Amino acid sequence: MTGDLAPATPATVTSAAGGTVASWTERYTHALMDTFGPPQRVLVRGDGVWVWDADGRRYLDMLGGIAVNALGHAHPTLTAAISAQLGTLGHVSNFFASPTQIAAAEKLLEVAQAPAGSRVFFTNSGTEALEGALKITRRHSAGARPRLLALEHAFHGRSLGALALTAKAAYREPFEPLASDVEFLPFGDTDALRAAFETDGDKVAALVLEPIQGEAGVHPLPAGYLALARELTTRYGALLVLDEVQTGMGRTGRWFAHQHEHLGGGIVPDVVTVAKGLGGGFPVGAVIAFGPQVAGLLGRGQHGTTFGGNPVAGAAVLATIGVIERDGLLAHVSELGARLRARIAGLGHPLVREVRGEGLLIGVELAAPVAPAVAARALEAGIIVNACTASTLRLAPPYVLTDADAELVVDLLAHLPADPKEL
Ligand SMILES: *Cc1c(COP(=O)(O)O)cnc(C)c1O
């Protein structure tokens, strides 16, 4: 019987072959909810820092799936690790464990420089990692600490818990009431931080921070801010939660942004959330609880997940970290990022007001609110960049980017018109 069946290639069983960008876009608008608006292109294939659309056009991917594709597209080591694990043991319930899950947790604790007694909970996304952190916070506060602090312009995800920590009114207001009341402090303001603890500091359950705000436009916290945050949370018994979903896993040239001397100054956080680059493109996130006391806040039966920490995700995490270590990519990210930022700033282009960031998480602040127009022009020219605010371009390319690749972006920016009206 089986001999009569056609070979089950992806094309024969998925009906997702053929078609143009226009025909796929038309089908998209009937089948997918309109939450993202129409797709900019329909992409069919990737290789390294390049992706191809359904019309066969090639693009330099300077966004990396929003800081996700750390190793680029279709990396052979990652592909082999995921495929081998899927072909060996793809999924088991969390009543069981797998070697890749356990080894991935150990490796994550190692690169996070977490002290003895620290532990990991794997999720499928950054948002779920924040939900885990919020549940840890609830257990820590035990009802006696109703205050939760975050920063203005913060982005922590879109579920009702993570959204409560997200500052943007347009994201929040249609869904209120949210899971928690959160006080938003002005970004980077140490006086406001001190003031928030001076009155009722012992009522604060947690302070949640991105070391570099990503979605807001790549804004690093000023030097000394994280150290003060650690000092105050320790003094008042609150948890310090660092959201490194976007900045973690080597994106800034260190495994975690708070490990940079000028950002974190050697602090040890209580909780770190991670996702985006963690699996190199395979969906996986994690909550890291630092030290035995925080690690014990979620006890048996108090949290769970069906997919989180599955064997394939474990293999993806191990392969991603393994390639970053083997190929010396942290140093490469640091050095290439610094060169690229200097090249862009050095253009002296009237439209480029400021270049921010760390490693390969770069924000290019424009002198006018024309970032979407610049991103559209870049796409036409075959380069994917992201307008994360009206005036900010965000670059978050794969770590395997080369100087020659980066030069294509410099060239694009160099040839922008000086007058924003000409865009
Ligand atoms: C992307 C992001 C999230 C949400 O992660 P998802 O995987 O999209 O759920 C949370 N926090 C930060 C800082 C992020 O950049």
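Our subject is the structure that appears above.
Throughout, residues of each chain are indexed from 1 in the direction in which the sequence is written. Totals for whole chains, interfaces and linings use every residue, but because this is a predicted model, local features are given only for residues with pLDDT of at least 70 and side-chain atom pairs only at 80 or more, for both listing and counting. By convention in this description, side-chain values take in all heavy atoms of the structure and omit both hydrogens and water.

## Examining the site of the ligand
Stage number 1. Here, proximity means that at least one heavy atom of the residue falls within 4 Å of the molecule or strand. Every residue close to the ligand is listed here: Ser 125, Gly 126, Thr 127, Phe 155, His 156, Gly 157, Glu 210, Asp 243, Val 245, Gln 246 and Lys 276.
Stage number 2. Definition of a polar contact: a pair of N or O atoms within 3.5 Å, with one able to donate and the other able to accept a hydrogen when the atoms are protein atoms, and with sequence-neighbouring residues admitted only if both atoms are side-chain atoms. At 2.8 Å from an oxygen atom of the ligand is found a main-chain nitrogen or oxygen belonging to Gly 126.
Stage number 3. Within the side chain of Gln 246, one N or O atom sits 2.7 Å away from an oxygen atom of the ligand.
Stage number 4. We get accessible surface area from the Shrake-Rupley algorithm with a probe of 1.4 Å; when it comes to residues, only the shown protein chains can shield them. For the ligand, the accessible surface in isolation is 380 Å², of which the surrounding protein chains cover 82%.

## Some remarks on unusual backbone geometry
Stage number 1. In this structure, Pro 177 follows Glu 176 across a cis peptide bond, with omega equal to 5°.
Stage number 2. Residue position: Pro 177 is located in the loop between helix H8 (169–172) and strand E6 (183–185).
Stage number 3. We note that Ile 66 has phi near 60°; this positive angle belongs to a residue other than glycine.
Stage number 4. Within the fold, Ile 66 resides in helix H3 (residues 64–67).
Stage number 5. Throughout this description, buried means an accessible area under 20% of the type-specific maximum (1.4 Å probe, protein chains only), exposed means over 50%, and partly exposed covers the range between. Assessed through its relative accessible area of 31%, Ile 66 is described here as partly exposed.
Stage number 6. The backbone phi angle of Asp 200 is positive, close to 55°, even though this residue is not glycine.
Stage number 7. Note on conventions: DSSP H or I runs of at least 4 residues are helices, E runs of at least 2 residues are strands, and numbering of each starts at the N terminus. Mapped onto the elements of the fold, Asp 200 is located in the loop between helix H9 (190–198) and strand E7 (204–209).
Stage number 8. In this structure Asp 200 comes out as partly exposed when scored by relative accessible area, which is 45%.

## Observations regarding the packing of helix H5 (residues 99–111) against helix H13 (residues 311–326)
Stage number 1. A fitted line through C-alpha atoms serves as each axis, taken over the contacting stretch for helices, and the angle formed by two N-to-C directions is quoted from 0 to 180°. Relative to each other, H5 and H13 sit at 40°, their axes nearing to 8 Å. In terms of axis orientation, H5 runs oblique to H13. The hand of the H5/H13 crossing is left-handed. Residues Thr 100, Gln 101, Ala 103, Ala 104, Lys 107, Glu 110 and Val 111 of H5 lie in contact with H13, whose contacting residues are Pro 311, Gly 314, Ala 315, Val 317, Leu 318, Ile 321 and Glu 325.
Stage number 2. Only Asp, Glu, Lys and Arg are considered charged in this grouping, and only Ala, Val, Leu, Ile, Met, Phe, Trp, Tyr, Cys and Pro are considered nonpolar; every other residue, Gly among them, is considered polar. Split into classes, the residues belonging to the contact of H5 with H13 amount to eight nonpolar, three polar and three charged. By the definition adopted for this analysis, an angle is roughly parallel if under 35 degrees, roughly antiparallel if over 145, roughly perpendicular if from 65 to 115, and oblique otherwise. Take the far helix as your reference; a near helix turned counterclockwise from it by less than a right angle gives a left-handed crossing, and one turned clockwise gives a right-handed crossing. For this analysis, residues touch if any pair of their heavy atoms sits within 4.5 Å.

## Description of the sheet that holds strand E1 (residues 43–47)
Stage number 1. The four strands are arranged E1-E2-E3-E15 in an open sheet whose pairing can be described as mixed. The two strands at the open ends of the sheet, each matched to only one other strand, are E1 and strand E15 (383–384). Strand pairing is assigned whenever DSSP detects at least two bridges linking the two strands.

## A closer look at the nonpolar core
Stage number 1. By size, the foremost hydrophobic cluster in this structure holds 85 residues, and its most contacted members are Leu 108, Leu 209 and Phe 256.
Stage number 2. Broken down by element, the residue count for this core peaks at eight residues, all from H13.
Stage number 3. With residues up to four places along the chain from it excluded, the contact list for Phe 256 reads Leu 108, Val 111, Ala 112, Glu 244, Gly 248, Met 249, Val 272, Val 274 and Ile 288.
Stage number 4. Only buried residues count toward a nonpolar core. Its members are Ala, Val, Leu, Ile, Met, Phe, Trp, Tyr and Cys residues joined through side-chain atoms within 4.5 Å. Within the second largest apolar cluster, 25 residues are counted, among which are Leu 130, Val 208, Val 294 and Ala 295.

## Focus on H13
Stage number 1. Expected span, for any helix, means 1.5 Å times one less than how many residues it has. An ideal rise of 1.5 Å per residue puts 22 Å on 16 residues; H13 measures up with 22 Å between its terminal C-alpha atoms.
Stage number 2. Listed in full, the buried residues belonging to H13 are Pro 311, Val 312, Ala 313, Gly 314, Ala 315, Ala 316, Val 317, Ala 319, Thr 320, Ile 321, Val 323 and Ile 324.
Stage number 3. Buried residues along H13 sit in contact with helix H4 (76–86), H5 and helix H14 (329–346).
Stage number 4. The distance from a side-chain oxygen at the start of H13 to the backbone nitrogen of Val 312 is 3.0 Å, and the residue carrying that oxygen is Asn 310.
Stage number 5. Following H13 by one or two positions, Gly 328 adopts a phi angle in the positive range, close to 60°.

## Section: the pattern of salt bridges
Where charged atoms from two side chains of opposite charge come close, those side chains can pair.
Stage number 1. A carboxyl oxygen of Asp or Glu within 4 Å of a side-chain nitrogen of Lys or Arg is what we treat as a salt bridge. By the definition in use, this model includes 15 salt bridges.
Stage number 2. Here Arg 41 and Glu 380 are joined by a salt bridge, their closest N and O atoms 3.0 Å apart. Linking Arg 41 in the loop between helix H2 (21–31) and E1 with Glu 380 in helix H15 (residues 371–380), this pair joins segments that are 339 residues apart in sequence.
Stage number 3. Of the residues examined, Glu 380 reaches a relative accessible area of 52% and is grouped as exposed.
Stage number 4. Three or more residues are tied together by salt bridges with common partners; here these are Arg 41, Asp 53 and Glu 380.

## A closer look at the packing of H4 against H13
For any two helices packed against each other, one specifies the crossing angle of their axes together with the interaxial distance.
Stage number 1. At a closest axis distance of 9 Å, the pairing of H4 and H13 adopts a crossing angle of 155°. The orientation of H4 relative to H13 falls into the category roughly antiparallel. Judged by the twist between their axes, the crossing of H4 over H13 is right-handed. Contact residues: H4 offers Thr 77, Leu 78, Ala 81, Ile 82, Gln 85 and Leu 86, while H13 offers Pro 311, Val 312, Ala 315, Ala 316, Ala 319, Thr 320, Val 323 and Arg 326.
Stage number 2. By residue class, the composition of the contact of H4 with H13 is 10 nonpolar, three polar and one charged.

## Considering the environment of Ala 179
Stage number 1. Relative to the helices and strands, Ala 179 is located in the loop between H8 and E6.
Stage number 2. According to the relative accessible area criterion, Ala 179 is partly exposed, its value standing at 43%.
Stage number 3. Through-space distance from the C-alpha of Ala 179 to that of Val 92 is 31 Å; in sequence the pair is 87 residues apart.

## Notes on the sheet that holds strand E13 (residues 352–358)
Backbone hydrogen bonds are what pair the strands of a sheet, in a parallel or an antiparallel way.
Stage number 1. Pairing is antiparallel in the open sheet, where four strands are placed in the order E13-E14-E17-E16. At either margin of the open sheet sits one strand with a lone partner, and together these are E13 and strand E16 (386–387).
Stage number 2. Of the strand pairs in this sheet, E16 and strand E17 (residues 392–395) are connected by two bridges, and their pairing is antiparallel. If you follow Asn 386 over to E17, its bridge partner there is Arg 394.
Stage number 3. Sheet strands in contact with H14 are E13, strand E14 (361–366) and E17, and its direction is about 175° off that of E13.

Structural measurements only, silent on function.
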